[in-house]
Protein chains: 6
Amino acid sequence: MKTIYITRRETFNAAHKLHNEHWSDEKNWEVFGKCSNANWHGHNFSIWVTVKGEPLKDTGFVMNLKDLSQIIKDLVIEPLDHKNLNLDVPFLKGILPSTENLAIEIWKLIEEPIKEKGGALAKIKLVETENNFVEYYGGNQPF
Amino acid sequence: MKTIYITRRETFNAAHKLHNEHWSDEKNWEVFGKCSNANWHGHNFSIWVTVKGEPLKDTGFVMNLKDLSQIIKDLVIEPLDHKNLNLDVPFLKGILPSTENLAIEIWKLIEEPIKEKGGALAKIKLVETENNFVEYYGGNQPF
Amino acid sequence: MKTIYITRRETFNAAHKLHNEHWSDEKNWEVFGKCSNANWHGHNFSIWVTVKGEPLKDTGFVMNLKDLSQIIKDLVIEPLDHKNLNLDVPFLKGILPSTENLAIEIWKLIEEPIKEKGGALAKIKLVETENNFVEYYGGNQPF
Amino acid sequence: MKTIYITRRETFNAAHKLHNEHWSDEKNWEVFGKCSNANWHGHNFSIWVTVKGEPLKDTGFVMNLKDLSQIIKDLVIEPLDHKNLNLDVPFLKGILPSTENLAIEIWKLIEEPIKEKGGALAKIKLVETENNFVEYYGGNQPF
Amino acid sequence: MKTIYITRRETFNAAHKLHNEHWSDEKNWEVFGKCSNANWHGHNFSIWVTVKGEPLKDTGFVMNLKDLSQIIKDLVIEPLDHKNLNLDVPFLKGILPSTENLAIEIWKLIEEPIKEKGGALAKIKLVETENNFVEYYGGNQPF
Amino acid sequence: MKTIYITRRETFNAAHKLHNEHWSDEKNWEVFGKCSNANWHGHNFSIWVTVKGEPLKDTGFVMNLKDLSQIIKDLVIEPLDHKNLNLDVPFLKGILPSTENLAIEIWKLIEEPIKEKGGALAKIKLVETENNFVEYYGGNQPF
């Protein structure tokens, strides 16, 4: 067995705010600070999607990166790029758009389409700034 | 004469949209595309401020980077970070917040305070994404 | 006058070799070293195209980045990406594909189309590796 | 037990193409797209080699990075740098040089020499472009 | 269970040397090379601290990044930034300041304070140069 | 005339402190802050050397990058790498090792050797951290 992991990056630029509607403005400010700014702020996000499998004999590929890229573009970049994560994104309706929650919701969207193309989604890394990111392994705890 | 150029970077995250209020939505979409999304989008901006001068004999500095950093933080990062460039920023009132216009307005804010600390503002570079940035030399054309 | 400079990056991956056909293999090796390998080598190139002008009142743009990006993609990336610079590129026929020569030839291709869209080509930066790049100002010497 | 992981990066620039010789040109184009260009293309590759172990009492090192660097340079960079992965590399003979296959073959080359210097090869990360890379754990599946 | 991993980066600049006081200068030079320079050398270090947990319902956070950042700044950056790792740092007294040992000592400092804020320290990555870094999982071996 | 600019990067890691020996410790602290730490601190420096000229007909090169790289390694990296800029470097004797002064002194060292190989030194960029750098044009003021 020669399991190997391939990763593809895509990027999107979006606005959001961190705000709990059940809390007062003071409480929101206390917890979220300037991230709770009423008129939004935004980021250049990058998403790194990792798929595992064995290289196919005919192609040397775990999965064709063109297919992986297309899935991410269609299901993640298209609905998120140049959008407001709180207002514009159907799959985030009712969900506080922290980077953590965003990564978890993206997993649900792309796991099955990747499987249909022969890959096994192994990890999503979502980078918000040069100083912070989240990693999600479908709920698994590799460490 | 030993003129040398020093540069300091600071960063801010902000929301904005490109939208000309004198135009129809169709015209805005045609020109600005997804950058005109009504509910905003956002970026991790970085600003690189370049100051020129001769190194002082006592310090080897053109200008103390602590002073330069403080000026940028007070006059640029404080009003822009985690803000909406169209709605929240007094010095951008009535100005379409393209990266070009933003750089020009920032120049006006920091030129004099830098001079008061002994430096000569030479250039502002404003990076919006890994694929685009603007550079402003106070209107000069070095090339 | 508020001249400002905007820059757009695009990328391409290509093979090439540095080889002077009027020289012996020994001479080629002496001058070009491993860059003269008969069976080629390659790079991830990135090209940064800088255009100058004044921001337009209606858009805040020197030039629409969509137009600039399209020109680069059509005239530079399309003919160069995943190609052999010595064999596959009509506009490099008979030209030794050093990074210097490549930048000069690209200038000739895109200067006029950029002008037609209202911009003035000011600089091309062509990055070959993380350790080297060239910059071309149309033959001008800003410094 | 204080197992820790150390990583060393080295780089090489190479040409290759993705092409299955048992397939028609049409089939190769359909699967590999522009990566199948007959006259090759190329990349700036970077390889990150991770070794695990406990820090030695005398040095604080899992393994001397000079030794690790020398092994990578001798066995990986020397045969691959400024070469054609399809034509010039003995250890890739008969192997389709996808990034996946390349990582797997490199593992075989460096595992034993690293062990002889007291380290345990834990991971190879091979970066092809800023948008894709592969990771290989010797066939293990940490996640 | 939706375990997710969040990472925060902080940076510090420090001097150090690698030198075993029980060895002759020759032996130190043989093992550590120029890293044993008597008058020190230095690096821009960056530290990436990873915490795991489930996103809280009220915040979408595993742990507030402000708290994580403050812990790193107080316990790691404050004692290490612009310091000499061999001479100035109480928690490194008697410890050879290799990157490996530094990461292990930092773990001990921040594990408990992170737990008090509701997070579980999962990994420390310490980057010394663009070509090398170490990763520590508290002694665990995820791969 | 087709003047073009080529740039080569090299790196070194060094310790230094900013300290004016004619000042009290208090005055040094007031001006230089933690950069005046008595026991030094350090950085990963990178130096970008730019040479201008016209591409030669036979090579397509302004100047052979191998020669440029060798000059930088011999005259800059060798004396500075893993050294103490205040104590170990003959060409910095008596000079306060600010990044500004360091760039100016390096210019004097490499200008002539580059000329002997056919190039004209045009610019030195010296990067101290991801947040600051200096640029020196031999005293010229391009902007």
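Quantities reported herein were computed from a predicted structural model and do not represent experimental measurements. (Residues numbered from 1 in each chain as written. Chains lettered and ligands numbered in written order. Predicted model: local features only at pLDDT ≥ 70, side-chain atom pairs only at ≥ 80, totals over all residues. Heavy atoms only, no water.)

Some details on the relation of the copies chain F and chain C
Superposition record for chain F on chain C: RMSD 0.0 Å, screw rotation 120°, translation along axis 0.0 Å. Within this description, the copies of the chain are treated as partners about a three-fold rotation axis. When C-alpha positions in chain F are compared against the rotation axis, the closest is assigned to Pro142(F), at 3.5 Å. Different-surface contact between copies: only 8% of interface residues of chain F are shared with the interface of chain C. (Least-squares fit on C-alpha atoms with pLDDT ≥ 70 in both. Contact = heavy atoms within 4.5 Å.)

Observations concerning the arrangement of the chains
No interface is formed between chain A and chain C, the nearest pair of C-alpha atoms being 14 Å apart. Spatially, chain B is disjoint from chain E: no contact exists, and the shortest C-alpha separation is 15 Å.

Quick notes on the pattern of salt bridges
Applying the stated rule across the entire model yields 36 salt bridges over all chains. Here Asp81(D) makes a salt bridge to Lys34(C), at a shortest N to O gap of 2.6 Å. Of this pair, Asp81(D) sits in the loop between helix H2 (65–80) and strand E3 (83–84) while Lys34(C) sits in the loop between helix H1 (25–32) and strand E2 (41–53), each in a different chain. With a relative accessible area of 42%, Lys34(C) lands in the partly exposed category. Here Arg8(E) and Glu10(E) are joined by a salt bridge, their closest N and O atoms 2.9 Å apart. Residue Glu10(E) is classed as buried on the basis of its relative accessible area, which comes to 9%. (Salt bridge = Lys/Arg side-chain N within 4 Å of Asp/Glu carboxyl O. Helix = DSSP H or I, 4+ residues; strand = E, 2+ residues; numbered from the N terminus. Buried < 20%, exposed > 50% of the residue type's maximum accessible area, 1.4 Å probe, protein only.)

Some words on the packing of aromatic side chains
In this structure the tally under the stated criterion is 54 aromatic pairs over all chains. Taking the centre distance of 5.3 Å and the plane angle of 85° together, the rings of Tyr137(B) and Tyr5(C) count as edge-to-face. Of the two residues, Tyr137(B) is situated in strand E5 (residues 132–139) and Tyr5(C) in strand E1 (residues 3–16); the pairing between them involves two chains. Of the two residues, Tyr137(B) and Tyr5(C), both sit in the buried class. With centroids separated by 5.8 Å and ring planes inclined at 40°, the aromatic side chains of Trp48(D) and Phe133(E) adopt a geometry described as tilted. Separated into two different chains, Trp48(D) in strand E2 (residues 41–53) and Phe133(E) in strand E5 (residues 132–139) make up a pair that spans both. Judged by relative accessible area, Phe133(E) falls into the buried class, the value being 10%. Three or more aromatic residues joined by ring pairs form one cluster here, namely Tyr5(A), Tyr137(A), Phe143(A), Tyr5(D), Tyr137(D), Phe143(D), Tyr5(E), Tyr137(E) and Phe143(E). Cation over ring: Lys27(B) sits above Trp23(B), and NZ or CZ is 5.0 Å from the ring centre. Sitting above the plane of the Trp40(C) ring, Lys17(C) keeps its charged end 4.5 Å from the centroid. (Phe/Tyr/Trp six-rings, centres within 6.5 Å; stacked < 30°, edge-to-face > 60°. Lys NZ or Arg CZ within 6 Å of the ring centre and 35° of its normal.)

Focus: the interface of chain A and chain E
Taken together, the contact between chain A and chain E spans 28 residues of the former and 25 residues of the latter. Summing both sides of the interface, chain A and chain E together bury roughly 2,200 Å²; the carbon and sulfur share of this comes to 55%. Of all residues in chain A, Glu100(A), Asn131(A) and Phe143(A) bury the most surface against chain E, accounting for 31% of the area lost on that side. In this assembly, chain A and chain E are joined by 1 salt bridge. Salt-bridge contacts for Glu130(A) lead to Arg9(E); the nearest nitrogen and oxygen are separated by 3.6 Å. (Buried area = accessible area lost by both parts, 1.4 Å probe.)

What to know about the packing of helix H2 (residues 65–80) of chain B against helix H3 (residues 99–116) of chain B
Residue and element names in this part refer to chain B. In contact at an axis separation of 10 Å, H2 and H3 are set at 140° when each is read in the N-to-C sense. It follows from the interaxial angle that H2 and H3 lie oblique. The element H2 and its partner H3 pack so that their crossing is right-handed. Taking contact as the criterion, the partners of Leu 68, Ile 71, Leu 75, Val 76 and Leu 80 in H2 are, on H3, Leu 102, Ile 106, Leu 109, Ile 110, Pro 113 and Ile 114. Looking at side-chain class alone, the contact of H2 with H3 contains 11 nonpolar, no polar and no charged residues. (Axes fitted to C-alpha atoms, helices over the stretch in contact; angles between N-to-C directions. Parallel < 35°, antiparallel > 145°, perpendicular 65-115°, else oblique. Left-handed = near helix turned anticlockwise from the far one by under 90°. Nonpolar A, V, L, I, M, F, W, Y, C, P; charged D, E, K, R; others polar.)

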